Each structure stands twice: as structure tokens, then as C-alpha cells.
There are 2 protein chains.
Amino acid sequence: MNKPSIPKGTRDFSSLEMQRRNYIFNTIGDVYRLYGYKQIETPALELLSTLMGKYGEEGDRLLFKVLNSGDFLSDVTQQDFDEKNLPHIANKLSEKGLRYDLTVPFARFVVQHRNEITFPFKRFQIQPVWRADRPQKGRYREFYQCDADVVGTDSLLCEIELILIINEVFSRLGIATRLHLNNRKILAGIAEVVGVPDQLTELTIAMDKCDKIGLDGVMEELRAKGFSDDTIQRLQPFLHLEGENGERLEALATLLASSEIGCKGVEELSFIFEGLASQHLTTEILFDPSLARGLGYYTGAILEVKAKDVAIGSITGGGRYDNLTSIFGLDGMSGVGISFGADRIYDVLLQLDAFPTTTNTSTQVLIINFGKEEVQQMLPIVQKLRADGISVEIYPDAAKLKKQMSYADSLAIPYVILAGSEELKQGIFTLKDMAEGSQETLSQEQLTHFFTSKEH
Amino acid sequence: MNKPSIPKGTRDFSSLEMQRRNYIFNTIGDVYRLYGYKQIETPALELLSTLMGKYGEEGDRLLFKVLNSGDFLSDVTQQDFDEKNLPHIANKLSEKGLRYDLTVPFARFVVQHRNEITFPFKRFQIQPVWRADRPQKGRYREFYQCDADVVGTDSLLCEIELILIINEVFSRLGIATRLHLNNRKILAGIAEVVGVPDQLTELTIAMDKCDKIGLDGVMEELRAKGFSDDTIQRLQPFLHLEGENGERLEALATLLASSEIGCKGVEELSFIFEGLASQHLTTEILFDPSLARGLGYYTGAILEVKAKDVAIGSITGGGRYDNLTSIFGLDGMSGVGISFGADRIYDVLLQLDAFPTTTNTSTQVLIINFGKEEVQQMLPIVQKLRADGISVEIYPDAAKLKKQMSYADSLAIPYVILAGSEELKQGIFTLKDMAEGSQETLSQEQLTHFFTSKEH
């Protein structure tokens, strides 16, 4: 029989990996709660009518579609079969698909439950999503997203608080970060001022690459895309802003003075910087007018976070959108959200060796098994330790001592208790410290005290 | 545009439902960890070669199959299309499926990672599973299972500890329970002694219904299935055991004296009862020789738990299996496991009104928004409260007071802080207790003290 395996791009998580992943999820969840965000969950399966057309053509192709139950072929005609129009046939074979992100299901949730929801609605959601992407290093077909969004208000206080959340999460995780902040309205203003209001997308896609290809590269790309020398000339001052965030914003305000939307963008960003000024942040906040972010639905602030000490791309992103729920027929519901990339954060913590050591162990004591009689006598003592919150294992079999000790060793269990029939009669226990290699003899009372005083 | 919806049999979970679900999951996970079980996770998608044939014919039919990416039709011939052999065509359209339970993926995990695992391997797993069942009240197409298993040992200490885990979980949840305990070997012994060793399955299926159709019903069903009067006569003493668990086991031992496997079953159960005797259990343990459990892979102890005060069927089940991993080619790996039914436990807690009230609220204080200036001044104070672990929300807009208060009200936020510009100048804050309707005026220091002394 072949060794069993799992689908490409999916993963099993070992106990150690789970502890580390839970550490990340719990940190993010705790901070979300601290700011009043409420957790929801949506089903893994959504109707394809909910998902299709929301992620562009490529997204539609990358959706995992689930074969209908029962006679899934009943709607497929001979003509369909002959024509081999795959999307058309897929549509007949399948009406459900796996969640592709948390944003569209959230928009669906808001519209579907709008009569039960109290707005402004602050929700967070930590769940896996699935994409039929080509698997490659660091890119998976099943991965978690950790989103927080607030809808039903256009208050910039939300942007400020989401940045404070990001700061708090990375401060707790011990990752030094730089947050790149921009506003889509500023990008629209720049496009207006340089005279290409209708080519906002092409312009920003090129500017967004500044990081990778440098300023000269951006110029070249713009020329290749047919932007005039005149336009590129007018763009120069926007690409050469200097000084602190405040100074660069001020200079930008002057350059954008003739654009109403541009001024609005500058004003919004200024308010955010003002709100953050009174806070002690460990995250560096950088006004980055070249930041564009791919997603088409953003209309206001946009942000991206990078780890300062690990080159891995963006580890968190987000922005404001004015019309997300309108795809499901509900207008006028402005919102703003962020999403932590748990897998990349995991890789950063691993590279920085920054996982707390407590995430390496769970069981605190192993009881050596000397036989059925001894175990029956040990059980009440073990239960007392557990009642005090100490995680205890009894080795299930009376195996050779060496085997039992090596079990404790390979699971990184820090303490081992040995008590044979003779010792149990006397009420004494040998406690071995696995890291130190030392051991001492304790009474039951001393034993309990040792762990309760240590752990609480 | 139509109101969006979700697939039949799936659910959205609101914030309140999530808090309640997390309360159940966390309770179960905490107890598993206390007993040294380690958490793992497996992917939602498994290869169909892993899943097919493991759950019987009905299970194969109820698997959600995922359409292959790319040209999913390429292997389907005109002959296939003409013949409409659905399982055959499904096999060509799809190579992945959604996890149907946690047991088969666990067996696959053990075999796949056997060289990295330290045995005995105690793992727990809390994840959703998917079944294309006909949706009905209390039965969903996506639901969570909460499993713990240990493989690589046949020690009965594992059975004892799993029962202690069940006792501890329901004791923490405040649900009065009765645990029905039996052993497949006893059932095999009974079949031997009454003369139908080859009809074990039919015999136990009938006996298992004793609960629902009564003793007479069982007799009738056995007769209908062609069991002889002689056999039914010989079965009588097994159905009329009386007294305490120990007395009934003793009587059974006599009845089964001629069956080697039957005696082994009695011996195993006796050891378990002995081990539990020294423990203070809130769960009632009942030796129930009519308990059979459907799953074919059990070979030793079997158990089922029922809530005493709510009629809802089994809320936890489990048992020992000697050959689970042999479906993936790894023999000699005895194991035993249990599974908590989270959805039914949820319903029981709801009916008993036994969810702790703290699961009804998350945010502890709402700050009334009197305008941008005031918010900028409040922000440092809010951050101080959050640094102390107090979950605080600032209402994002300077809306009418009534609207802001009704927000606090509908989210069950217990306290509201009001501070207009005049009060901020004086450094005083009005704190309103939403439940009492009372309010008091506090300094910043008093405010911080109020919450930190209250919550910690």
C-alpha cells in the first residue's frame, strides 16, 4: 500500500506548529477584543453566486468548486459536453465553492443579517481560506486570514484604532515593523494634477513598483505604457517628496491644491497622523505616496506593514472601502479593515527565533509507570495536580524506564516523577528535572507545592 | 438584487454564538491539555483516495467532492457521458474531498508521519467536518468535532483517563451526565454463548435499540430477522442483569464463562471500574451491555454519554479500535478515542440556561464621542485602560447621545464613560452603570482604579 499523503499546497500541523500558530491567533484575537471587535464565523462553503465575479477573472478560476450532490450531471447536455465550455459546465456541475477570502463573506454576512446587526459593526474573523493557486514556497492552497473590519461609519477614528491594533499586535509578538500609509484619494489627486485622471490604475501600478524597480524603473515603465513626457515631467515632484511625514504631507498639499479629491486625501491622512501623535508607537509609520495596493475596492486610506528585520513582503494590509456591500445591493455602508497574514508572521517569528519558549511544551510532568498497582495508587495524586491546573501525563504502559524517559525527552516534558511500590508505601516521590538532570526526593505535599508555586 | 444567502445546512455564527462556542471548545481543549493530549490540525481537503471506502457506501455518497482545477473534463469520455455512471465520472472530475470526520484523517496523519511521531501518541483535534447529509433540525452539513485519541498502546489506563476527561469537561460545563460503558468483546462473547457468533452485527444492532423500543421490541426485531426461539431464549439472562455495575459484571462473568473473548471483555471493564473507584466523579457511570455503537472499527471498550436533564441523544462517544491505521497499511497500532459533539452540547447548555453570563459580553466600556477634539484628548486615557486589559470602544462618530447609548445597550456593554470638553478640562469623567442606570463622577485615577480593581 502506498504511503498516504495530502493534496498539494495543503499542510498538516504538528503539535509544536499548532502551539505556535495558536500563539499568533490568540495574540491577534486578544488585541481585536481589547478594541471592541467581535468575533464571527461564516461557513467554509459559500454559494458560487456569492463568490463568482468578486475577485476578477483570475479569482473565478482559482475558486475551489464543490460537485453538486446527487445527479450532478443532470443539467449537462450533449451540446455542453461537445462544446467543452468549462466555466459553463462547471456552473452546471457545481453551485457551492470554498471561501476565497474573508472580505466577501463578511460583506454577504452584513447584507444578509443587516436587520439583526447593530451598526457601526466591528467584527473580526480568523478562519482558513482556499485558493487553487499553483503551490510554491510560502504560498498555500489552504491558509488562515485574520481580519478585522468596521462598517457603517466613515469616521477616521477607525483608521487610527486599526493602526493602534497593528502596533499592539506586533509589539506583543516582538516584531519590529514599518507601516506604509497612503490614501487612494491622494493617488486620484495625483492622477488629476498630472493630467491623466482616467489612467489612475496604470499610473499607480507603475508607482507601486518603486520599491522593487526604483524611480528610473518606474519612469521607464510609464513611458512604455504610453504616458507622455509631459505627464512624467509633472509627476517628478510627487516622487521626490522629502523630510518627515508631516513635511512631505505639507508639500503634497501644495502640489495637490488644485485637486479637490487630492486635498481631501491629504486632510484625511493629516487627521490620522494627528491622532497617532499622542501615542507611543513601536511601529514606524511612514507616509508612502507610492503605495497603491492591488485591490480595486479601496477608496480611502490604504496601508501595508513590513517586518524591518526580515525580507518577506507585506505581513499585514488593509484600507477603507466605501462600497463593499453594494455588490450585494446595500449601498452607503462605508467600512475599513485590516488583515494579518498569519503564515508570513509565522515565518518571520521563526526566522527571528522570537516564539516564546513556553510554546515549546505543554505537558509539565510525566509520571513513570511502574505497573498497574502503582498507577492505581498514583492516580488520585495525579488528579490532585490536575485539579491545580498542572498538565500531567502518566506513561500508559509499564515499559522499560529508558523508553519512558526518552518519551519525556522527545516531547520536551520538563519534569518526571518516579515512585515505585516501595516509595509509594513511604509516601515519597523522586522528582527529576529533565533540563538540569538533577533529582530530589519529595513528600506528596512538597510535590504539590513545588508545582503550584512554580506555575501560578 | 436578491438577498444573499448561504448553502443549506451551513451556518453563520454571530458574536454571541461565537463566544458560547469558544467557551465549549476552550473548556474541552483545556481539559485535553491537562491530560497531556497535544493539538494537531489536518487540512480541510483530503485526497479522495484517503477518504473513499472508509465510511461505507452511504459515507462515500455523503462526501463533498471538489472539482479538479484546470480542464476537469479531460478524462471524461463520450462513453462515460453516455453511461452516466455517476461514481465513475465523479472519480474523473474530482480527486479531493472535504474531511468527513477527524478519525480517518488522524489515521492518515499517524501513518504519514509515523517516523516523526513519538508513540504512544496522544493527540486532540477540534475542527469542522462536512457531510452532504439532508439538512434537518440539529443536523448540519458543516459542524465541529472535538476528538482526542491515543494510539500505540493498548493500556486500559487510557480508557480510564478518557472517562476522567469526560467527567471533568461536563463537570466544568455544569451538565449532569450518564456515561454508558460496554465492551465489544462482551458483545462478541454474548453472540458466542447464545450460539450466533457470525451474527454479532445483527444481534447488537437489535440490542442497541433496547433504549428506544424496549425489551419486547428487541425480541420482535430479532424474531423478524430470523433468530431462532432457542437463541432468543438463551439471550434472556443477558437482558435481565440486575444490581450495581459490579454485581451485573459479576453475573455476566458467570454467563460468559465459556467464552474466552467474553471473559476478556469482562476483565477489561472490571479494570476500568476499579481505576475509577478511587475518583470522585460527577458523571454517573453505567455498565450497559446493550450499548453497541454503530462504527465497525471498535474492538474493545465503547462508551456513550447522555445528558441527564435534556433528551437529545448521545453528546459524546468513543471506543477502542485495534486496527484503525491498518486501512493505510500500518498494523499493530491499537488506539482509543472519544469525540465530543459540540453542537449538541451547545443545545444542551442553551436549554439548561447554563452558559456563564460572562459569555454574553466582550466590550466593557463604551466612550461616548462628543467630537474630534474630545476624542483626541480621550485617546491616551483609553489606551491606558486597554494597557490594563480593559476592553474599550470609542463610538466612532459624534452621533446623538441617544444613538450612542442605544449602541451600548444593544451590545450589552456594561459601562459608558461620558466626558465633554468642559469635563475633560477639569479632568473628570461621568461613569454610567448601564444595568443599574446609576452614574458617578470620577477622576482619571479613580476611573482606572475602578476598572482594574473590578476586573483583575
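Note that the structure is predicted; figures quoted are calculated from it, not measured. (Residues numbered from 1 in each chain as written. Chains lettered and ligands numbered in written order. Predicted model: local features only at pLDDT ≥ 70, side-chain atom pairs only at ≥ 80, totals over all residues. Heavy atoms only, no water.)

With that settled, consider the overall build of chain A. Scanning chain A for helices and strands turns up 18 helices and 16 strands. For 456 residues, the compact-globule estimate of 2.2 N^0.38 gives 23 Å, and the C-alpha radius of gyration of chain A, at 29 Å, exceeds that figure by more than 25%. Once the C-alpha set of chain A is aligned to its principal axes, its extents read approximately 95 × 65 × 45 Å. Every one of the 456 residues in chain A was classed for burial, and the buried ones make up 57%. As displayed, chain A has an accessible area near 19,400 Å², and 47% of this comes from carbon and sulfur atoms. Taking the average location of the 48 positive side-chain charges in chain A and that of its 64 negative ones, the two points are 5 Å from each other. (Helix = DSSP H or I, 4+ residues; strand = E, 2+ residues; numbered from the N terminus. Rg over C-alpha atoms; globule rule 2.2 N^0.38 Å. Buried < 20%, exposed > 50% of the residue type's maximum accessible area, 1.4 Å probe, protein only. Areas by Shrake-Rupley, 256 points an atom, 1.4 Å probe, with all protein chains shown as cover. Lys, Arg positive; Asp, Glu negative; His and termini not counted. Charge placed at Lys NZ, Arg CZ, Asp CG, Glu CD.)

Here we take up the domain arrangement of chain A. Along its sequence, chain A is carved into domain 1 (15-352) and domain 2 (361-453). Here the C-alpha centroids of domain 1 of chain A and domain 2 of chain A sit 51 Å apart. (Domains from an automatic or database assignment.)

To continue, consider the confidence of the model for chain A. A residue-level look at chain A finds 98% of positions with pLDDT of 70 or above and a mean pLDDT of 93. Predicted complex metrics record ipTM = 0.93 and pTM = 0.94. (pLDDT = per-residue confidence, 0-100.)

Before going further, it helps to examine the pairing of strand S11 (residues 335-341) of chain B. For a regular strand, side chains alternate in direction, first toward one face of the sheet and then toward the other. All names here are of chain B. In terms of burial, S11 is largely enclosed, as five of its seven residues are buried. With seven bridges connecting them, strand S6 (residues 142-151) and S11 associate as antiparallel partners. Considered in S11, the bridge of valine 151 is made with glycine 335. Where strand S10 (residues 314-321) meets S11, six bridges bridge the pair, whose relative direction is antiparallel. (Pairing = 2+ DSSP bridges.)

For these two chains of identical sequence, chain A goes onto chain B by a turn of 180° and a shift of 0.0 Å along the axis, with RMSD 0.1 Å. Here the copies are linked by what is in effect a two-fold axis. For chain A, the residue whose C-alpha comes nearest the rotation axis is Val66(A), separated from it by 2.2 Å. Looking at chain A, 100% of its interface residues are interface residues in chain B too, so the copies touch through the same face. (Least-squares fit on C-alpha atoms with pLDDT ≥ 70 in both. Contact = heavy atoms within 4.5 Å.)

Let's shift gears to the interface of chain A and chain B. Between chain A and chain B, the residue contacts involve 103 residues of the former and 103 residues of the latter. Taken together, the two surfaces of chain A and chain B that pack against each other cover about 8,800 Å², and 62% of this comes from carbon and sulfur. By the criterion of area lost to chain B, the three top residues of chain A are Pro4(A), Leu34(A) and Phe81(A), representing 7% of everything that side buries. Our count for the chain A to chain B interface comes out at eight salt bridges. Salt-bridge contacts for Glu393(A) lead to Lys38(B); the nearest nitrogen and oxygen are separated by 2.7 Å. Counting every contact that joins chain A to chain B gives 33 residue pairs in polar contact (both at pLDDT 80 or more). Residue classes in the side of chain A that touches chain B are distributed as 49 nonpolar, 31 polar and 23 charged. (Buried area = accessible area lost by both parts, 1.4 Å probe. Salt bridge = Lys/Arg side-chain N within 4 Å of Asp/Glu carboxyl O. Polar contact = N/O pair within 3.5 Å; in protein donor to acceptor, adjacent residues only side chain to side chain. Nonpolar A, V, L, I, M, F, W, Y, C, P; charged D, E, K, R; others polar.)

Turning next to the pattern of salt bridges. Per the counting criterion, the structure on display carries 46 salt bridges over all chains. The salt bridge partner of Glu161(A) is Lys122(A), with a shortest N-O separation of 4.0 Å. Pair noted here: Glu161(A) is in helix H7 (residues 157-173) and Lys122(A) is in strand S5 (residues 121-130), with a separation of 39 residues, a long-range link. By relative accessible area, which is 5% here, Lys122(A) ends up buried. Note that Glu268(B) is salt-bridged to Lys264(B), the shortest N-O span being 3.3 Å.

So, about unusual backbone geometry. Residue and element names in this part refer to chain A. Omega for the bond connecting phenylalanine 119 with proline 120 falls within 30 degrees of zero, at -5°, which places this linkage in the cis form. Among the secondary structure elements, proline 120 is positioned in the loop between helix H6 (103-112) and S5. Positive phi is not limited to glycine here, since lysine 84 has a value of about 55°. Judged by its relative accessible area of 38%, lysine 84 falls in the partly exposed class.

All names here are of chain B. Strand order in the open sheet made by the eight strands is S1-S5-S6-S11-S10-S9-S7-S8, with mixed pairing throughout. In this open sheet, the two edge strands, each paired with only one partner strand, are strand S1 (38-39) and strand S8 (284-287). Pairing geometry for strand S9 (residues 301-307) and S10, over five bridges, is antiparallel. Counterpart to valine 305 in the pairing with S10 is threonine 316.

What follows is about the packing of aromatic side chains. Residues and elements named next belong to chain A. This structure, assessed with the given rule, holds 33 aromatic pairs over all chains. Measuring from centroid to centroid gives 4.3 Å for tyrosine 55 and tyrosine 100, while their planes differ by 45°, and the two rings are tilted. You can see tyrosine 55 sitting in the loop between helix H2 (48-51) and helix H3 (56-62) and its partner tyrosine 100 sitting in the loop between strand S4 (94-98) and H6, a full 45 residues away along the chain. With a relative accessible area of 17%, tyrosine 55 lands in the buried category. Residue tyrosine 100 is classed as buried on the basis of its relative accessible area of 9%. Put simply, the rings of Tyr32, Tyr37, Phe124, Phe170 and Phe340 pair up and form one aromatic cluster. The positively charged end of lysine 84 is found above the aromatic ring belonging to phenylalanine 81, 3.7 Å away from the centroid. Taking NZ or CZ as reference, arginine 131 lies 4.2 Å from the ring centre of tyrosine 100, over its face. (Phe/Tyr/Trp six-rings, centres within 6.5 Å; stacked < 30°, edge-to-face > 60°. Lys NZ or Arg CZ within 6 Å of the ring centre and 35° of its normal.)

Another aspect to go through is the UniProt feature "binding site: L-histidine" (unreviewed entry) in chain A. All names here are of chain A. According to UniProt, the "binding site: L-histidine" (unreviewed entry) feature falls on Asp101, Leu102, Thr103, Arg131, Gln145, Asp149, Arg293, Tyr297 and Tyr298. Within the secondary structure layout, aspartate 149 lies in strand S6 (residues 142-151). Discounting chain neighbours no more than four positions away, the residues touching aspartate 149 are Tyr37, Phe106, Phe121, Lys122, Arg123, Tyr321, Val336 and Gly337. Within the local environment of aspartate 149, its side chain forms a polar contact with the side chain of arginine 123, the two groups lying 2.9 Å apart. You can see arginine 293 is positioned in the loop between strand S8 (284-287) and strand S9 (301-307). Look at arginine 293 and you get buried, because its relative accessible area is 16%. Other than its neighbours up to four places away in sequence, arginine 293 contacts Arg184, Asp208, Tyr298, Ile302, Leu303, Glu304, Gly317 and Gly318. (UniProt positions renumbered as here; feature names shortened; annotations may be inferred.)

All names here are of chain B. Within the secondary structure, threonine 325 sits in the loop between S10 and S11. According to the relative accessible area criterion, threonine 325 is buried, its value standing at 2%. Through-space distance from the C-alpha of threonine 325 to that of phenylalanine 109 is 9.4 Å; in sequence the pair is 216 residues apart. A distance of 2.7 Å separates a polar side-chain atom of threonine 325 from the backbone oxygen of leucine 330.

Time to look at helix H9 (residues 200-208) of chain B. Residues and elements named next belong to chain B. Of all the residues in H9, the buried ones are Leu203, Thr204, Ala206 and Met207. Each buried residue of H9 lies within a common arc of 160° when the element is viewed along its axis, so the set occupies one face. Each element contacted by the buried residues of H9 is listed here: helix H8 (184-193), helix H10 (210-224) and helix H11 (229-239). (Arc of directions from axis to C-beta.)

The next subject is the sheet that holds S8(A). All names here are of chain A. Strand order in the open sheet made by the eight strands is S1-S5-S6-S11-S10-S9-S7-S8, with mixed pairing throughout. Only two strands of the sheet have a single partner each, and these edge strands are strand S1 (38-39) and S8. Pairing analysis gives two bridges linking S1 to S5, with the strands arranged parallel. Residue pairing for S5: lysine 38 is matched across the bridge by arginine 123. The sheet contacts of helix H14 (residues 342-352) involve S6, S9, strand S10 (314-321) and strand S11 (335-341), and relative to S11 the element is tilted by about 45°. (Axes fitted to C-alpha atoms, helices over the stretch in contact; angles between N-to-C directions.)

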